[in-house]
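Overview (structure and organization)
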Amino acid sequence: MTHYRRGKRKHLNLSDCWSLSNSGEGTFSLTQPFTYTVTNRDLNRGLYPRDRKDRRTATQLQPLQRQWAHNARRPPEDATSSKAIVGPSSSKVDSVFDPEDFFSNDLFAASNVLALNSVSNGEHSVPMLRNLNEAGDGAWDSCTRRLRSEDAPPVQQQSWVEGEEPEVDPLPDSYFGLLGCTHSQTLPSGHISQLPDEILRTVFVSLPAEDLYRLSTVCQQWQRVINDPMFVPYKKLYYRYRKGEESAVKEIDRILKENNIKKENELCLLNLIRFVASFQNVPPVNSEAILRSLKEHPLFKQSEASVAQTLPNLVNAAGTTHVWAILAVIILLSGGVKDIQGLISCLQQTPSTLPVTEMTEILYCMTTLLFALREKDIDISSRIHYNLFCALHLMENPASRKHVERLCPPQDSGRLEVHNIELTPEQQQILKQDISPGRVIQIMGFAGTGKTSTLIEYARSKPHLTFLYIVSTKPVPKEINHIFPPNVECTTVHAMAYQRIGYKYQRRKKLMVYDLKPFAIYTLPEARGSFFRANMICQSLCTFFSSMDETITVSHVPGHRKSTRGGIRPTEYQENLELVEDAKRVWRKMMDLGETEENGYFMTHDGYLKLWQLSKPSLPQFDVILLDEAEDCSPAIMDIVLSQKCGKILVADPHQQVNGFKGTVDALLKAQHPHLFNLTQSFRFGPKIAYVAATILGMCKHVKDKTLVGRSQDGDADDNTGQMAVLCKTDVEVFDEAVRIVTSEHPSKIYIIGGLDKFGVDTLLDIWRLMILEQECATKDLVIQDPFLRIFERKGGLRGLKDYAAESEDKELEERIAVVEKYSVGLPVLLEKIARYSVADSTSADIVFGTVHKAKGCEFDMVWITHDLVKVPGYGHDHRILLEFKIDAVPDIDWNLLYIAVTRTKRRLVMNRSLECLLSFAGEYFLKPELTSSLLVEGILPNCQASGCSNHIERGTVLTLRTVPSTQSGGEGAGGPLCCACAKQRIGPLIYLIASPELVKSIGRTGRTVL
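Quick notes on the rules
Residues numbered from 1 in each chain as written. Predicted model: local features only at pLDDT ≥ 70, side-chain atom pairs only at ≥ 80, totals over all residues. Heavy atoms only, no water. Helix = DSSP H or I, 4+ residues; strand = E, 2+ residues; numbered from the N terminus. Contact = heavy atoms within 4.5 Å. Salt bridge = Lys/Arg side-chain N within 4 Å of Asp/Glu carboxyl O. Buried < 20%, exposed > 50% of the residue type's maximum accessible area, 1.4 Å probe, protein only. Core = buried A, V, L, I, M, F, W, Y, C linked by side-chain atoms within 4.5 Å. Pairing = 2+ DSSP bridges. Axes fitted to C-alpha atoms, helices over the stretch in contact; angles between N-to-C directions. Phe/Tyr/Trp six-rings, centres within 6.5 Å; stacked < 30°, edge-to-face > 60°. Lys NZ or Arg CZ within 6 Å of the ring centre and 35° of its normal. Expected span 1.5 Å × (residues − 1). pLDDT = per-residue confidence, 0-100. Parallel < 35°, antiparallel > 145°, perpendicular 65-115°, else oblique. Nonpolar A, V, L, I, M, F, W, Y, C, P; charged D, E, K, R; others polar. Left-handed = near helix turned anticlockwise from the far one by under 90°.

1. Thoughts on the overall build of the chain
The number of helices and strands found in the chain is 40 helices and 22 strands. Sequence separation of at least 24 residues holds for 72% of the intrachain contacts in the chain that already meet a minimum separation of 6.

Structure representation (C-alpha cells):
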C-alpha cells in the first residue's frame, strides 16, 4: 500500500472518474477553470490553477510547510518506474501541443496522482485511468466516501503544534483539472478532441483560410467546426473565390446581381456600401461604442461627410447600419495599408465591443466584393483590394522573432554576434519539414521574402546533416561563408566542374577566359569564312552545352537565321544537318587536350560543365543540396542536382528569370514530384512598393493565386536619404546616365555594377580608335589593343564591325558601337571623367549605375527606373490606346526585368512615366481625399491643378481629390486638387463618394484627357 502525505487530496476510482468526467460539473473545471467559483464544498477543489498573486512563497510558510514544498519539488524515487509514467497517447494530434506553452514551470505535483487519458477503441475515444496504484478498491472507496460527505463542516483554521504535521492545501498539479498527471510526465494526458467547439472556433477564427482548409482534414470534429456554414463564411468564400471554385463564383455573382452591383450601373459602389451596411451581427454589438472608436481614424471625418451627403437614408438607420456604411467608405478612401491597419486598431480599442470574429468577417466581406469588382472589370483602383488583403494577411500571419548567433567576417574581428531575425509562418512551415534521401522541396518565393535566409535557418536547425549550398549563375560572395553554419559548404556548379574537369584544360592553357563568341569560330574551317555560319555554329554549341542531351542534334540548331537582306528565314533541313556535323567537329576539337593555336577550339566554362554533367557525377558526401536562384539554372545544371540521391531543396522566383530555360526546367521539376512551398511576405520593402510589384505580376504576368505582401517598413516619396541606384535595360543607357552625373555642376561619386573593366571601357576606346582611323585615314598614331577588333582595320573598319555585330546578333557589341557613335570625338574625355569619379567599393558611392541583369540579387535604399525598360503608352481612358497596346505582346523577360528593378529598392522608388501609365491600367492614380471645406481660402476654392483644365473646384462636392506629388511626373506631378470632371476620369464610380449623383451628372466633361 502506498502512503501519501497528509493533505486535502481527492482520490477517485475508475467509476468515479468516469462519472465526473461526463458530468457538467466535472467538465466545467477543465473548460472554464478561471471563471468557476471555488467553495469548500466543491468536488473539484484543488484541481484549479492558482493566481500567482495569492500564492504564498516558501519564505512565507511555516518550517514544516517549507519542508513539504521542498520535498514536493524533488522527484520521487519511483518517478522513472513503469507505474509513474503515463503512456503515450494513441492520437497523432497530441504531438502538436507542447505543455510548456500552456503552463508555468513553477507548477508542480506530487508523485502519484490519478490521470485520465484517451485511448482509442474502435471509433470512439474511451477515457481510461492511467498510473493506477496497487492499493485495493476498499481504500479508494473509503477516501472517496470521506471526501464526498455532503455534511462535512467548513474547514476551520487550526493551530500548529510542534511535532505535529499540519494539514496544508497542496500546490496545484503540473497539469491542473481532471486530467492531472505525475511530475515525471512530459506530455499532458488529456486529448485535444476533448476541447469544446466554442474553444476551437475561438482559436480557428484567427487562422488564415488556407490553414483552415488544411486543418479540416485532421479529425471529424475539426472538419465539422470549420465546415460549419455559420463559421467565418466570408473568409472561406474569399479563399474559394480566388481559387475559382464554381460554387463560390456563383454565390458572388448572385450577390452582385441581387444588389445591382455591375459595370453598367454607375452607382454600383453606393449599392456595395448599402449591402455592407446591412451586415448582420450575431450576437448584436454596441454600435455607439464602435462609432466612438472609429472617430479616432484619420479618414473618419471624410467618410462621415461622404455618407451624410451621398447616402443620407443610412445616417439615422437602426442598429449598426450607419457604422458599417462609414467603415465601408473608410476602406474605399484608404490610400495605403496603414489606413486599414489603423482601422483594425480602432475596432480593437477598449471602447469598441466588436468581437474579433465579427470584425474579421465584415472586412473579408469587403475584400471579397472588391476583388470581384476587379474581376468584373469595374473601373476602381486595384490598390483598395490590395490594402485590405495585405492588412488581413499581416494580421493573420504575424512573424516571430528568433535569436541566432553568427560568425562575423575576419575583417570585422571574426567574433560571434547575436542577431534577432523574423520568421514568417511560411518560413516556419518550411523549417519544420524533414528532408530524406530523394525528396525534393521546391520553394517559390517573391523578391525579398527571405529565400536565402530560409535556407540558412534550415541548415542551422539540422546540425546533424551536411549541406551543399549552390548558386547557379554567379560567384558565391565571400561573406556568405560566415552567414551559413559550419555544416554547409558553399560553392557554384562551375567551381565543382572546374575542380574535376576544367583544371585539366587550364593546365594545358586551353581554357577560354570568355564565353564562346562567333568571332572565335569565324576563323575556323567549319565557319567557311561566313559570320552567319559562325553564329549558327556558336548558337548550336551553346544550346547543347545547356541541355541534358548527350550528343549534338538538329534540335540544337536555331530554327531561323538572318537573310542577307536583313530579314529572317527558316533554316532548311539539309542545312541544319551540315551545321550539326560542323558543330560536332568543333566540339571534338574542344574536348581534345592537345595544343592548338585556334581560339575557337579552346574549352569554355560551359563546355567543361557539360563534360562533368555527361560524366554522371555523384556527391555522396552531402545529405542535402540547397540550390539558390534555380530559376536561371540550365537543364544541364538541374540534371546534375536532381540526379543526386540525397535530399534537394530548390529555391526560385520564376518572375526573376532572365534566361530562356523555363519550359525545360519546369518539365524536369514536374517529373520529380516536388513538395511546393511559397514565400509571399517581403522583408525588403513595405506595402507601397509591394503594391507596384504585385500590380506588375497581376496585370502583366497574370499571377492570381499568390500576392506579394510588404511588411511593416514602408517607402516614403519625400525621403531622399541613402544611396540611389539608377537601373537600366542596356549599357547604352547606363553610359548616358553616368555621363549626365559626371558632367553636372555638382558631380557625385559613382559606382558601375561589375566595375569599369566589366563595363568594357577598353573596348569602347578601341572601337573609338577604329572609328577615328577610318575617318582620318590613319593620320594619328592610334593602336587598337583588342586582337579581334584589330582584324577590322583591314576588314572594313567600323562599318565592317557593325556588319559583323548585326550578322552575329551580338547585342553587347552593338550597344558599345552605339555609344561610340553617339559621343564620337568627345568619348575619351567622358571616359576619363567617369574613371575619375568612379569608386572601387559600392558602399562608398553616392549613386550606383547598372543594368537590371547585373543588379539582380542586390538591394538599395532608393531605385530610379530609367525609361528604356518597357514602353507603355499613356492610358487616358482612351480605348483605342488599349487596343493598340497589348500587354501580352511584350516578352515575358521585359516584364521580369521591370519587376526585378522595382523590387531592388528598400525604401523609395522613383518611377518612370511608363510605370505610372502601367499603374493607371490598374486604376491607380495616387489620389488623396480631402474635405472641400478645408480648401477654402478667403471663401474662394482653388482651380483644378490638372494640366489643360480650367475648371474650378465645385462647392457642392463634400470631398476633393488631390494628386500625390511625384518627382518623376510632369505637369500634375507637383500635386494639387482635381475638379469633379477630372476626378471622374480617374476614379470612375468612386466619384459618387465625393459628390451627390445629381451633381455628378450636372458637371460637364473637361477638355483634357488623362495621360
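That covers the picture; the talk isn't over yet.
2. Here we look at the pattern of salt bridges
Here the structure, examined in full by the defined rule, presents 31 salt bridges. The partner of R254 in a salt bridge is E258, with the nearest N and O atoms 2.9 Å apart. Separated by four residues within a single helix, R254 and E258 lie in helix α9 (residues 246-258), roughly one turn from each other. Of the residues examined, R254 reaches a relative accessible area of 37% and is grouped as partly exposed. The class for E258 is exposed, based on a relative accessible area of 57%. One salt bridge in this structure joins R383 and E924, with 3.4 Å as the shortest N-O distance. With R383 in helix α16 (residues 382-396) and E924 in the loop between α38 (913-921) and β20 (927-931), the pair connects residues that are 541 residues apart, well separated along the chain. For the pair R383 and E924, one class covers both residues: buried. One network of salt bridges, with partners in common, ties together R533, E578, D582 and R585.

3. Observations concerning the nonpolar core
In terms of nonpolar packing, the biggest core is built from 137 residues, with I331, L363, W895 and L915 touching the most fellow members. Filtering out sequence-adjacent residues up to four positions away, I331 remains in contact with I340, L343, L363, M366, L370, I384 and L388. The next biggest cluster of nonpolar side chains, apart from the first, holds 92 residues, and it includes F622, M638, L798 and I847.

4. What about unusual backbone geometry?
In the Ramachandran plot, K616 falls in the positive-phi region, its phi being about 55 degrees despite a non-glycine side chain. Mapped onto the secondary structure, K616 falls in the loop between α24 (605-614) and β10 (624-628). One non-glycine residue, S824, lies in positive phi territory at about 45 degrees. If you trace the backbone, S824 turns up in the loop between α33 (811-823) and α34 (827-837). Judged by relative accessible area, which is 24%, S824 ranks as partly exposed.

5. Regarding the sheet that holds strand β6 (residues 467-471)
Spatially, the six strands line up as an open sheet ordered β7-β6-β10-β11-β5-β12, and their pairing is parallel. The sheet is open, and its two edges are formed by β7 (488-492) and β12 (675-679), each paired on a single side. Taking each pair of neighbouring strands and ignoring which way they run, the sheet shows an average axis angle of 20 degrees. Of the pairings in the sheet, the one linking strand β5 (residues 440-445) to β12 comprises five bridges and is parallel in character. Looking at β12, one finds that G445 is bridged to L679. Contacts from helix α20 (residues 493-507) reach β6 and β7, with the element oriented near 85 degrees to β7.

6. As for the environment of I994
Its place among the elements puts I994 in the loop between α39 (980-987) and α40 (997-1002). For I994, the contacting residues outside a window of four places in its chain are Q309, T957, V958, L959 and A983.

7. Topic: the packing of aromatic side chains
For the structure shown, the criterion picks out 20 aromatic pairs. With 6.2 Å between their ring centres and 90 degrees between their planes, Y458 and F467 make a pair best called edge-to-face. Grouping residues by exposure puts Y458 and F467 together as buried. The rings of Y238, Y241, Y364, F371 and F389 are connected pair by pair, giving a single aromatic cluster. One Lys or Arg, R242, reaches over the ring of F389 and ends 5.2 Å from the middle of that ring. The side chain of K610 reaches across the aromatic face of F544, ending 4.8 Å from its centre.

8. Some points on helix α15 (residues 356-375)
End to end, α15 covers 28 Å across 20 residues, agreeing with the expected 28 Å (1.5 Å per residue, within 8%). Of the residues flanking the end of α15, it is D377, one or two places downstream, whose phi is positive at about 65 degrees.

9. Points about the sheet that holds β20
Here we have three strands laid out as an open sheet, ordered β20-β21-β22, and antiparallel in their pairing. Strands at the two margins of the open sheet, each flanked by one partner only, are β20 and β22 (976-977). Pairing analysis gives two bridges linking strand β21 (residues 959-963) to β22, with the strands arranged antiparallel. When the sheet's bridge partners are listed, R962 is paired in β22 with P977.

10. Comments concerning the confidence of the model for the chain
On average, residues of the chain carry a pLDDT of 77, and 72% of them reach 70 or more. When the criterion is pLDDT under 50, residues 410-416 qualifies, and its contacts beyond four places in sequence or with other chains add up to ten contacts. This model gives residues 967-973 a pLDDT under 50, and the stretch forms 17 contacts once residues within four places in sequence are excluded.

11. A closer look at the packing of helix α27 (residues 687-700) against helix α37 (residues 892-902)
Between two packed helices, both the angle of their axes relative to each other and the distance between the axes serve to describe the pair. One way to put it is that α27 packs onto α37 with a least axis distance of 9 Å and a crossing angle of 170 degrees. As the angle between them shows, α27 and α37 are arranged roughly antiparallel. Contacts between α27 and α37 involve I689, V692, A693, I696, L697 and C700 on the former and, on the latter, W895, L898, Y899 and V902. Looking at the contact of α27 with α37, its residues break down into ten nonpolar, no polar and no charged.

12. Points about the pairing of β21
The buried fraction of β21 amounts to four of the five residues, a majority that puts the element mostly inside the structure. In terms of strand pairing, β20 meets β21 through five bridges, oriented antiparallel. Bridging across to β21, E930 finds its partner in T960.

13. Quick look at the packing of helix α8 (residues 233-242) against α16
Direction vectors running N to C along α8 and α16 enclose 115 degrees, while the axes themselves pass 14 Å from each other. Handedness of the crossing formed by α8 with α16: left-handed. Facing K235, Y238 and R242 of α8, the residues of α16 in contact are H385, F389 and E396. The class makeup of the residues in the contact of α8 with α16 is two nonpolar, one polar and three charged.

14. Let's talk about the environment of F926
Locating F926 in the fold gives a position in the loop between α38 and β20. The exposure class assigned to F926 is partly exposed, which follows from its relative accessible area of 25%.

15. Considerations on the environment of V205
Considering the arrangement of structural elements, one finds V205 in the loop between α5 (197-204) and α6 (209-215). Judged by relative accessible area, which is 6%, V205 ranks as buried. Taking the C-alpha atoms as reference, V205 lies 8.3 Å from T360; in sequence the two are 155 residues apart. The residues touching V205, leaving out its near neighbours within four places in the chain, are F231, V232, K235 and T357.

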